[in-house]
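Chain residues, written in single-letter form:
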Amino acid sequence: MSPLTPRLLMQRGRPKTDRLGKIRSLDLSGLKLLSEHLDPTLLGRLKHLQELDLSNNQLEALPANLGLPHLRILRCTNNQLGDVTTLSQFPLLEELSLEGNPFLTVSDNLKVAFLLPNLRKVNGKDASSTSSQVENLNRELSNRVTVYWEKFMAALGPEQEAEKVQTDFVNSAIRDVHYGPESLQDFTQWRVRMISEELVASGGTQAQDTNIPGKLPGAAAGRSRTRLAALKRPHDALLSVSPTKRVSAAPFTQVEGGQLEPLHFLQCHSRNNSPRDLETQLWACAFEPACEEGHSGNTSQTVATCGGEAVCVIDCQTGIVLHKYKSPGEEFFSVAWTTLTVVTQAGHKKQWSVLAAAGLRGLVRLLHVRAGFCCGVIRAHKKAIATLCFSPTHQTHLFTASYDKRIILWDIGVPNRDYEFQASQLLTLDSASTPLRLCPVASCPDTYLLAGCEGGCCCWDVRLDQPQKKRACKVEFTFSEGSETAGSRVDGLAFVNEDVVASKGSNPGTICLWSWRQTWAARDGRSVVSVVILARLQWSPTELAYFSLSTCPEQGLVLCGDEEGSVWIYDVQHILKQPQPSPPTSLQAPTQILRWPQPRALGQLVTKTMVNTVVTNAAFTYLTALTDSNIVAIWKRP
């Protein structure tokens, strides 16, 4: 039986009355209502209802036929809504609250702005900026679909059936017409479908003007060149966007190899949003996993960056800062992504892309980026966290490495019904020196963990079926033939494939490629082992440390920045393909060096900087480099 009855509605309605038709304001919050409890027959009797509060329930969707023609204020905070399209039944709605619905995304915010032309406030904030973004998006998508229609029709043969042609056009337009950042793909595909269907229904006569509901038709709009503004978040959401400072590039850039072109230079980590901040150090970045809902293909163009008191999520294609999380007093050193499968109370599975960020204060913050809030905080260490990484095989297992000389393996779990994490500690790994880089062994990530440390490269047994939950280093690796002593800093570490490891720091001016399998096979029970070196890559001769290398296993690449602002790129596929590479006799030169393009900030050229870290997405279409001078540099492969 539904908990909603006429008597309950009259008890919770205002003004007090014995007739449902006279109720103007109704509070149904905190009743544990499910979607099926919202009976359209009963609620449809509220003919003059103007304000409805459905907060703090368990609603996954709103019925499409509630029959509330005069509704102007709707509160649906803290539910499980996953779709907003049924809100179109409330055309007079002026104020809407949707906070605390973790399955709603930025695309849903834009759908709301499109469907509700009279909307003035969303989550207590002015809705005009989002409406402007929707108008720009709508105008550009209409133009692109129209051009696509003309090309599509020109390629048709006279014998093709009209009905099949119409269906094929809609499907192909959804597949081929793209615009804006990847995080808005759900919205743009939704609009492309609507525009395509309207175009087909009109026979192509609505060529340039697909109107936003409630807007008067106007002249055909020209192709918009307006960049999307950064999307604003609710005032109490922890992930918020502040203005992004752009740094213009110099007219000419020196790029050896010519395969990558500089695209964007951003100052999005500035303290107090100051354009004069060219000092904040940026430390780590990571591309979002491509398996997140809404992604197409096998790669991602969304990258997370950290440095100073901020974590930013950036769309590489447009250079738009999609989200920004700030924690005053913090200095972020590391970020890592995972994708969680969450089951709702109705049994539906949802994919969450979760970003972990940590730094100076020893806390790990778990950020649900799409919904725009912090789901939880783990008090992981008493000292600063140098780096963290997720297990490649267990989506909830997170390694954190700290200046307290400990590595801890956590199970962050999945969020409860209040969307909170309850993390548990699984293992503690003791290190003789500060761990700087973490790297689960690619061929057996549930068995061994590698770490580059201030005192060398170490390996731990991380099997969870072993009784001891506090463990010492199992093996230390050295990088000089015949050496039996460890002790040289390793500040770069990553697997190129399941066997080959790239490491940096043990020998100045070089990056080592070595074989995990051959090294481990020759260990013979020893606790200090010389690695089996496959190649040595020539790198900068600098004596400075903490330039982190990365790899792109899908493309067989090794990448590293330097003290001059350059990015060194090595194609090592030929080494990976050799069955038994001979010992290296000389240094291998880089395949390509991206020289610092000397962008302009505050009217002056930034002629030199240090690139602390550089990463690329799996398809090697975008490359992101972080600097010592508060500049995020993004390159694109044409």
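First, a word on scope: everything that follows refers to the structure included in this document. (Residues numbered from 1 in each chain as written. Predicted model: local features only at pLDDT ≥ 70, side-chain atom pairs only at ≥ 80, totals over all residues. Heavy atoms only, no water.)

Overview of the overall build of the chain
Per the secondary structure count, the chain includes 8 helices and 41 strands. Buried positions account for 55% of the 638 residues belonging to the chain. Considering only contacts within the chain whose residues lie at least 6 apart along the sequence, 57% involve residues at least 24 apart. Carbon and sulfur atoms make up 48% of the accessible area of the chain, which amounts to about 27100 Å² in all. (Helix = DSSP H or I, 4+ residues; strand = E, 2+ residues; numbered from the N terminus. Buried < 20%, exposed > 50% of the residue type's maximum accessible area, 1.4 Å probe, protein only. Contact = heavy atoms within 4.5 Å. Areas by Shrake-Rupley, 256 points an atom, 1.4 Å probe, with all protein chains shown as cover.)

Quick notes on the nonpolar core
Leu54, Leu74 and Phe169 are the most contacted members of the largest nonpolar core, which has 59 residues in total. Counting residues per element, the ones that place at least two in this core are helix H1 (6-12), helix H2 (40-43), helix H3 (106-115), helix H4 (128-154), helix H5 (162-176) and helix H6 (185-201). Looking at which element gives the most residues to this core, the answer is H4, with 7 residues. Apart from the residues within four sequence positions on either side, Leu54 is in contact with Leu28, Ser29, Leu33, Leu38, Leu59, Leu62, Leu74, Arg75, Cys76 and Asn79. Phe103, Val364, Ile385 and Ile408 belong to the second largest nonpolar core, which has 23 residues in total. (Core = buried A, V, L, I, M, F, W, Y, C linked by side-chain atoms within 4.5 Å.)

Quick look at the packing of aromatic side chains
With the rule as written, the count across this model stands at 18 aromatic pairs. Between Trp149 and Phe169, the ring centres sit 4.9 Å apart and the planes meet at 85 degrees, which makes this aromatic pair edge-to-face. With Trp149 in helix H4 and Phe169 in helix H5, this pair connects stretches of sequence that are 20 residues apart. Phe169 carries the same exposure label as Trp149, and that label is buried. In this structure an aromatic cluster arises from ring pairing among Tyr448, Phe477, Phe479, Trp514, Trp516 and Trp520. Of note, Arg523 hangs over the ring of Trp520, and the distance from its end group to the ring centre comes to 4.4 Å. (Phe/Tyr/Trp six-rings, centres within 6.5 Å; stacked < 30°, edge-to-face > 60°. Lys NZ or Arg CZ within 6 Å of the ring centre and 35° of its normal.)

Describing the sheet that holds strand S5 (residues 95-97)
The strand order across the open sheet built from 7 strands is S1-S2-S3-S4-S5-S6-S7, with neighbouring strands paired in mixed fashion. Edge positions in the open sheet fall to strand S1 (13-14) and strand S7 (125-126), since each of these has one partner strand only. In the sheet, strand S6 (residues 121-122) pairs with S7 via 2 bridges, with the strands oriented antiparallel. Looking at S7, one finds that Lys121 is bridged to Asp126. (Pairing = 2+ DSSP bridges.)

Section: unusual backbone geometry
For the bond from Arg14 to Pro15, the omega torsion is 0 degrees, close enough to zero to count as cis. Summarising the element assignment, Pro15 is placed in the loop between S1 and strand S2 (25-27). With a phi angle near 60 degrees, Lys32 is a residue other than glycine that sits in the positive phi range. Considering the arrangement of structural elements, one finds Lys32 in the loop between S2 and H2. Phi at Asn630 takes a positive value of approximately 60 degrees, unusual for a residue other than glycine. Within the element layout of this structure, Asn630 appears in the loop between strand S40 (622-627) and strand S41 (632-636). For Asn630, a relative accessible area of 0% gives the class buried.

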